[in-house]
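Spelled out from the first residue to the last, the chains are:
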There are 2 protein chains.
Amino acid sequence: MADSPLINQLIDALRCLPGIGPKSAQRIAYHLLQRDNEGARRLARALNEAVDKVRHCERCRAFSEGPVCRLCLSTKRDRSLLCVVESPTDVQAVEEADYSGLYFVLMGRLSPLDGIGPDDLGIDKLAALLDEGNIKEVILATNLTVEGEATAHYVGELVHAKGIRATRIAHGVPLGGELEYIDSGTLSQAIMGRREI
Amino acid sequence: MADSPLINQLIDALRCLPGIGPKSAQRIAYHLLQRDNEGARRLARALNEAVDKVRHCERCRAFSEGPVCRLCLSTKRDRSLLCVVESPTDVQAVEEADYSGLYFVLMGRLSPLDGIGPDDLGIDKLAALLDEGNIKEVILATNLTVEGEATAHYVGELVHAKGIRATRIAHGVPLGGELEYIDSGTLSQAIMGRREI
């Protein structure tokens, strides 16, 4: 505990950052006060602005500053491809993998234990998007966890019901992966998913 | 790069936190936007309040919300002991080690290469404190680095010149330390500083 209530309040508030424990929070607080007052003010401003102005795109539920996000409005994207992901962070990851279609962000995954059902994932909005008729293929890029797989399965059925092609991202050995260190489940998936060369 | 300038601005601003790289900054930004808007606002408020109101104690240069810090004002502290440390974080560390005297924070260490000389360390304020006549012993608790040692040496001479006792914190093997893993410099200091049992 620092001697100043305001420093303690700052240390406490820093704890809301994921991955920052009490010791790091203290170190960060002292660093900002000692050496980077300007950075602290800029961070405070950026936090307020982002929380005030960033909302979800009405079409794809990704983060957006306007009612519809820039990817949805862009004329340069392939509008016949839709990639379904769990969270806005995943949009970033897929963007970096050179994907050029549109997205739909579920903002979660099916998880009956946590009380998260289809209604919480904006499935009605997804259905409306599919009904527009432009989309020819839906890539299911939910995480490769049990819940992500269940979600992919559920969304896949909806996509099929609309007569649209649904694909799932490949399971297998990551680039640079050494077989010796890959878990057996992944390796078994990689073998099942083997392709002609 | 995220698709929203405000999110990018937030990610950028988070980089001012020590130990937070680009990937962590992105993860934190998305976490706050997705799951902890309230935490983000609280953090912004705490940052502004701390930067606005926390200043240095006029006596000991530790962080304080008033002109003189609570430790300096306290009647429960041993006013004959003064512990000289490099930074406010060190005050915390020493406090946790059950020390009950007063402090003086140099806010740095002698470092000719970085242009940090005695004037930057508030040596005149320290001299004024010593001249008050209450202090019987000055504990030099600067870091055990080359610069910290040089600073301790410099301050020690000043303290001696005032006819006051100066002591240096002990060098040695940390609690729980295993000799096998202790560097030879520390071990040699521990042997030189050996005590009768």
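Higher on the page you've got the structure.
Residues numbered from 1 in each chain as written. Chains lettered and ligands numbered in written order. Predicted model: local features only at pLDDT ≥ 70, side-chain atom pairs only at ≥ 80, totals over all residues. Heavy atoms only, no water.

Engineer: Lay out the overall build of chain A with the relevant residues and their values.
Structural biologist: Along the backbone of chain A there are eight helices and six strands. For chain A, the α and β elements follow one another from N to C terminus as α-α-α-β-β-α-β-α-β-α-β-α-β-α. Relative to the compact-globule value of 16 Å for 197 residues, chain A shows a C-alpha radius of gyration of 21 Å, a clear excess of over 25%. Considered along the principal axes of its C-alpha atoms, chain A spans approximately 65 × 50 × 35 Å. In chain A, buried positions account for 45% of the 197 residues. Sequence-distant contacts, at least 24 apart, represent 45% of the contacts inside chain A between residues at least 6 apart. By element, 52% of the accessible surface of chain A is carried by carbon and sulfur atoms, the whole surface being about 10800 Å². (Helix = DSSP H or I, 4+ residues; strand = E, 2+ residues; numbered from the N terminus. Rg over C-alpha atoms; globule rule 2.2 N^0.38 Å. Buried < 20%, exposed > 50% of the residue type's maximum accessible area, 1.4 Å probe, protein only. Contact = heavy atoms within 4.5 Å. Areas by Shrake-Rupley, 256 points an atom, 1.4 Å probe, with all protein chains shown as cover.)

Engineer: Describe in detail the interface of chain B and chain A, supporting the description with residues and values.
Structural biologist: Taken together, the contact pairs 50 residues of chain B with 50 residues of chain A. The interface formed by chain B and chain A includes two salt bridges. With a shortest N-O distance of 2.7 Å, B:Arg41 and A:Asp52 are connected by a salt bridge. Inspection of the region where chain B meets chain A yields ten residue pairs in polar contact (both at pLDDT 80 or more). Sorting the residues of the side of chain B that touches chain A by element identifies helix 1 (5-14), helix 2 (22-35), helix 3 (37-53), helix 4 (70-73) and helix 5 (88-96) of chain B as the ones contributing at least two each. The biggest single contributor to the side of chain B that touches chain A is helix 3 of chain B, with 15 residues. A per-class count over the side of chain B that touches chain A returns 28 nonpolar, eleven polar and eleven charged. (Salt bridge = Lys/Arg side-chain N within 4 Å of Asp/Glu carboxyl O. Polar contact = N/O pair within 3.5 Å; in protein donor to acceptor, adjacent residues only side chain to side chain. Nonpolar A, V, L, I, M, F, W, Y, C, P; charged D, E, K, R; others polar.)

Engineer: Which residues make up the relation of the copies chain B and chain A, and what values go with them?
Structural biologist: It takes a turn of 180° to lay chain B on chain A, together with a shift of 0.0 Å along the axis; the resulting RMSD is 0.1 Å. In symmetry terms, the pair is related by a two-fold rotation axis. Nearest to the rotation axis, the C-alpha of B:Ala44 is located 2.0 Å from it, this being the minimum over chain B. (Least-squares fit on C-alpha atoms with pLDDT ≥ 70 in both.)

Engineer: Got a sec to walk through the sheet that holds strand 6 (residues 165-168) of chain B? Specific residues and values, please.
Structural biologist: All names here are of chain B. Across the sheet, four strands lie side by side as 4-3-5-6; this open sheet has parallel pairing. Strands with a single pairing partner mark the edges of an open sheet, and in this sheet they are strand 4 (101-105) and strand 6. Here the strands of the sheet are splayed against their neighbours by 25° on average, with no regard to which way each runs. Where strand 3 (residues 78-85) meets strand 4, five bridges bridge the pair, whose relative direction is parallel. Within the sheet, the bridge partner assigned to Leu82 lies in strand 4 and is Leu102. Strands strand 3, strand 5 (137-140) and strand 6 of the sheet are contacted by helix 7 (residues 146-161), whose axis makes an angle of about 165° with strand 6. (Pairing = 2+ DSSP bridges. Axes fitted to C-alpha atoms, helices over the stretch in contact; angles between N-to-C directions.)

Engineer: Can you tell me about helix 1 of chain B, naming the residues and giving the values?
Structural biologist: For the α-helix, the turn length of 3.6 residues means that residues three or four positions removed from each other point alike. Of all ten residues in helix 1 of chain B, seven are buried; the element is thus mostly enclosed. Of all the positions in helix 1 of chain B, only B:Leu6, B:Ile7, B:Asn8, B:Leu10, B:Ile11, B:Ala13 and B:Leu14 are classed as buried. Against the buried residues of helix 1 of chain B lie helix 3 (37-53) and strand 2 (63-64) of chain A together with helix 2 of chain B.

Engineer: Any chance you could break down the sheet that holds strand 3 (residues 78-85) of chain A for me, citing the residues and the numbers?
Structural biologist: All names here are of chain A. Taken together, the four strands give an open sheet; going across it, the order is 4-3-5-6, and neighbouring strands pair in parallel fashion. A single partner strand is all that each edge strand has here, and the edge strands are strand 4 (101-105) and strand 6 (165-168). Neighbouring strand axes in the sheet, compared pairwise and without regard to direction, differ in orientation by 25° on average. Those strands touched by helix 5 (residues 88-95) are strand 3 and strand 4, and its axis lies near 160° from that of strand 4. Here helix 6 (residues 123-131) sits on the sheet and contacts strand 3, strand 4 and strand 5 (137-140); the angle it forms with strand 3, its principal contact strand, is near 160°.

Engineer: Outline the packing of aromatic side chains, listing residues and values.
Structural biologist: What the rule picks out here adds up to four aromatic pairs over all chains. Aromatic pair A:Tyr30 and B:Phe63: ring centres 5.7 Å apart, planes at 25°, arrangement stacked. Residue A:Tyr30 is found in helix 2 (residues 22-35), and its partner B:Phe63 is found in strand 2 (residues 63-64); the two belong to separate chains. (Phe/Tyr/Trp six-rings, centres within 6.5 Å; stacked < 30°, edge-to-face > 60°.)

Engineer: For the state of the cysteines, give the residues involved together with the corresponding values.
Structural biologist: Taken as a whole and assessed by the stated rule, the structure comprises zero disulfides over all chains. A:Cys83 takes part in no disulfide bond, and the closest cysteine sulfur, belonging to A:Cys60, lies 11 Å away. (Disulfide = S-S within 2.5 Å.)

Engineer: So, the pattern of salt bridges: which residues are in play, and what are the values?
Structural biologist: All names here are of chain A. In total, this model carries 14 salt bridges over all chains according to the counting rule given. Residues Arg59 and Glu132 are paired through a salt bridge, measuring 2.9 Å at the closest nitrogen-oxygen approach. Remark: Glu132 occurs in the loop between helix 6 and strand 5 and Arg59 occurs in the loop between strand 1 (55-56) and strand 2; sequence separation between them is 73 residues. A residue is classified by how much of its surface remains accessible, and Arg59, at 24% relative accessible area, is partly exposed.

Engineer: Before we move on, can you summarise the side chain of B:Arg61 with the specific residues and values?
Structural biologist: Its location among the elements puts B:Arg61 in the loop between strand 1 (55-56) and strand 2. Notably, B:Arg61 is buried but unbridged: the nearest opposite-charge side chain belongs to B:Asp124, and the N-O separation is 6.6 Å. (Lys, Arg positive; Asp, Glu negative; His and termini not counted.)

Engineer: So, the side chain of B:Asp90: which residues are in play, and what are the values?
Structural biologist: All names here are of chain B. Along the chain, the position of Asp90 falls in helix 5. Of the side chains with opposite charge, Arg109 lies nearest to the buried Asp90, which makes no salt bridge, at 7.3 Å. Polar side-chain contacts of Asp90 include one of 3.4 Å to the backbone nitrogen of Glu86. Not counting the four nearest positions on each side in its chain, Asp90 is found in contact with Val85 and Asn143.

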